[in-house]
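Residue-level structural notes
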Amino acid sequence: MKITQVEVIVTSPDRNFVTLKITTDEGHTGLGDATLNGRELAVVSYLKDHVAPLLIGKDPHRIEDAWQFLYRSAYWRRGPVTMAAIAAVDVALWDIKAKAANMPLYQLLGGASRTGCLAYGHASGKDLPELFDSVRQHLDQGYGAIRIQTGVPGLKAIYGVASNTVASGNVGKRYDHEPAQRAPLPAEEDWDTRAYLRHIPGVFEAVRAEFGPELPLLHDGHHRMTPIQAAKLGKSLEPFDMFWLEDCTPAENQEALRLVRRHTITPLAIGEVFNTVWDYQTLIQEQLIDFVRSAVTHTGGISPMKKLMDFAAQYQIKSGIHGPTDISPVGMAAAMHLGLAIHNFGIQEYMKHGEATNRVFEQSFTFNNGLLHPGEKPGIGVELNIDEAGKYPYQTAYLPFNRLADGTVHDW
Ligand code: CS2
Ligand code: MG
């Protein structure tokens, strides 16, 4: 079999998505997600200008060879743009291989290790009543685990809280609880770590009092704390039996987690901004985290994610694969196949895509009793409807950023 066509499709149904489509001389097609939220067109160029010409005429079955060639022959290694591009090729080739084998991808990864993948959703509200409503809505939709984000008194806009639930002063239109904004310039939000640290333990106390001890609860700190602040938060959340505290410190410094770990038994998750196994070397070997947050889309695809999770398994570290709506249905499907197959699956983030997105990407996954399953279609189980995709041209979009009260830029 030979690769005959490589296309990069940009579409913006509810938000921007970049999809790679590889076609073979035997008529098989494979899809890969290459969406890098807020920097989408950089990956489009990387794929179109630098990767597509290298793939034409190659054997699509040689996935490992293609991966190593793209990673090593570029000379320049790692980074989100490079790794999103390589991921798209890797997933598209796995899609083709599984279609050629007439099997759903998870069968090629070792078969199912479970009946489905436990998913968590995002509940948020500017205050407790709104938050409780949001939690109830998620429980009604069948979610069995819930991430909790709230407004902080004194702050106008905050990560994870939909714009229609926060006070005015917010720029741009938001989609559900999603931070990306289609606007020519990034929106500015405000931040105060001390106010946040004072507020959050009370929120979890109230949520436990309202919803009981069993519901797995998660929280995302979005890289905003220093190590000692993160340690303080982790410690103060211990009575509420967290499933995890995510991205408590900026992810660049793996050693920060040593300090956090020394002070708290709250489980830690990190890695949505990582893109290779090297970003986890210290974290995994020293058992400084409990969950790996990488997205298949941003970490080079199924092949390196399987290796990363096998490495993590030796240390009883589990998966918590990134799955907000900026991961396209193609990237979500890849995550579900991997999650179903690996032994050390932990949880899968799952934010529902909008209707327009679901018309562009025809999908075969199911969500029943809180469990995601990728379905039994050969391949990854997603096809792109090109007519629908063509209705939604690219729109400039940026993630917001934070400033402190004195104007200093802070991690968002
Ligand atoms: C987040 C994301 O899902 C998460 O945990 O931290 O929503 C993140 O803000 C976006 O993926 C950024 O593109
Ligand atoms: Mg996060």
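Parameters and conventions
- Residues numbered from 1 in each chain as written.
- Chains lettered and ligands numbered in written order.
- Predicted model: local features only at pLDDT ≥ 70, side-chain atom pairs only at ≥ 80, totals over all residues.
- Heavy atoms only, no water.
- Helix = DSSP H or I, 4+ residues; strand = E, 2+ residues; numbered from the N terminus.
- Pairing = 2+ DSSP bridges.
- Axes fitted to C-alpha atoms, helices over the stretch in contact; angles between N-to-C directions.
- Contact = heavy atoms within 4.5 Å.
- Near = heavy atom within 4 Å.
- Polar contact = N/O pair within 3.5 Å; in protein donor to acceptor, adjacent residues only side chain to side chain.
- Areas by Shrake-Rupley, 256 points an atom, 1.4 Å probe, with all protein chains shown as cover.
- Nonpolar A, V, L, I, M, F, W, Y, C, P; charged D, E, K, R; others polar.
- Domains from an automatic or database assignment.
- Buried area = accessible area lost by both parts, 1.4 Å probe.
- Salt bridge = Lys/Arg side-chain N within 4 Å of Asp/Glu carboxyl O.

Regarding unusual backbone geometry
A positive phi angle, close to 60°, is found at Gln-316, a residue other than glycine. Within the fold, Gln-316 resides in the loop between α10 (302-313) and β13 (318-321). For Asn-369, which is not glycine, the phi dihedral falls at a positive 50°. Position of Asn-369 relative to the elements: it lies in the loop between β16 (366-368) and β17 (371-373).

Re the sheet that holds strand β3 (residues 29-33)
As summarised here, the arrangement of the three strands in space is β1-β2-β3, forming an open sheet in which the pairing is antiparallel. The open sheet has two edge strands with one neighbour each: β1 (3-11) and β3. Here the average twist between neighbouring strands, direction ignored, is 20°. Relative to strand β2 (residues 17-24), β1 runs antiparallel, the two sharing eight bridges. Bridge pairing in β2 links Val-8 to Leu-20. Its contacts with the sheet put helix α1 (residues 40-55) on β1 and β2, and the angle it makes with β1 is roughly 175°.

A look at the site of ligand 1
For ligand 1, the set of nearby residues contains 16 residues, the closest of which are Asn-37, His-222, Glu-272, Asp-326 and Glu-349. Between ligand 1 and the protein, one listed contact pairs an oxygen atom with a side-chain N or O atom of His-222 at 2.8 Å. For ligand 1, whose free accessible area comes to 340 Å², the fraction covered by protein is 94%. Grouping the constituent residues of the shell around ligand 1 by class yields five nonpolar, four polar and seven charged.

Points about the sheet that holds strand β20 (residues 409-410)
Taking strand neighbours across the sheet as the criterion, the three strands line up as β8-β19-β20 in an open arrangement whose pairing is mixed. Every interior strand has two partners, whereas the edge strands, β8 (188-190) and β20, have only one. Examined bridge by bridge, strand β19 (residues 401-403) and β20 share two bridges and lie antiparallel to one another. Of the residues in β20, the one forming a bridge with Asn-402 is His-410.

Notes on the domain arrangement of the protein chain
By the assigned domains, the protein chain splits into domain 1 (3-103) and domain 2 (117-377). A C-alpha centroid distance of 26 Å is found between domain 1 and domain 2. Domain 1 puts 30 residues into the contact, and the matching count from domain 2 is 33 residues. Together domain 1 and domain 2 conceal approximately 2,400 Å² of surface at their shared face, both sides included; 56% is due to carbon and sulfur atoms. Its largest share of buried area at the contact with domain 2, domain 1 owes to Asp-14, Arg-15 and Asp-33, together 27% of the area lost on that side. For the interface between domain 1 and domain 2, the tally reads two salt bridges. At the boundary of domain 1 with domain 2, the tally comes to 14 residue pairs in polar contact (both at pLDDT 80 or more). Sort the elements by how many residues they give to the side of domain 1 that touches domain 2 and helix α3 (residues 80-100) lands first, with eight residues. Broken down by class, the residue content of the side of domain 1 that touches domain 2 amounts to 16 nonpolar, eight polar and six charged.

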